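Per-entry structural report
Chain residues, written in single-letter form:
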Amino acid sequence: AAFAFGCTLRSAKGDLARSMGMKVVSTCQEVLYIQKELSVVSKSMVVANRILDKLLILDRKHKIKDKVIALVKWVYDKGSGVVQEAQAGIQRRGEERG
């Protein structure tokens, strides 16, 4: 709504908003044309499926998912420990002052 209002202004700001709108529309049209000519989305899906298949095979061989989950859990535990220590320190300082 704000962009539409900006396009109605009769000033440099309105000119800028209108030219930006034209650029967005032309970019969208160009993307649609490229998609129509080259079928980028379907080709990208094929590539993504092949990559996913390879990753699943690697995961079965090397248990990568389990290692990633363990790493994320370790980082989370360390981070929550730091937060708990900081909160305890703040509470101690508050009790000392109070």
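Here, every reference points to the structure presented above.
The rules behind the values
Residues numbered from 1 in each chain as written. Predicted model: local features only at pLDDT ≥ 70, side-chain atom pairs only at ≥ 80, totals over all residues. Heavy atoms only, no water. Helix = DSSP H or I, 4+ residues; strand = E, 2+ residues; numbered from the N terminus. Rg over C-alpha atoms; globule rule 2.2 N^0.38 Å. Buried < 20%, exposed > 50% of the residue type's maximum accessible area, 1.4 Å probe, protein only. Areas by Shrake-Rupley, 256 points an atom, 1.4 Å probe, with all protein chains shown as cover. Patch = residues over 30% accessible without salt bridge, like charges linked within 9 Å, V, L, I, M, F, W, Y side chains within 5 Å. Salt bridge = Lys/Arg side-chain N within 4 Å of Asp/Glu carboxyl O.

1. Let's talk about the overall build of the protein chain
Per the secondary structure count, the protein chain includes four helices and zero strands. Going residue by residue from the N terminus, the α and β elements of the protein chain occur as α-α-α-α. Rg of the C-alpha trace for the protein chain: 27 Å, well past the compact-globule value of 13 Å for 98 residues, more than 25% over. Projecting the C-alpha coordinates of the protein chain onto the three principal axes gives extents of approximately 65 × 55 × 15 Å. For the protein chain, the residues scored as buried account for 5% of the 98 residues in total. Surface exposure of the protein chain reaches about 9,000 Å², of which carbon and sulfur atoms provide 66%.

2. Topic: a nonpolar patch on the surface
Together, Val47, Ile51, Leu55, Leu58, Ile64, Val68 and Val72 give the surface a local cluster of nonpolar side chains, amounting to about 590 Å² of exposed area. Residue assignment for the nonpolar patch shows that the elements contributing at least two residues are α3 (40-62) and α4 (64-97). Sort the elements by how many residues they give to the nonpolar patch and α3 lands first, with four residues. The topology assignment puts Val68 in helix α4. For Val68, a relative accessible area of 44% gives the class partly exposed.

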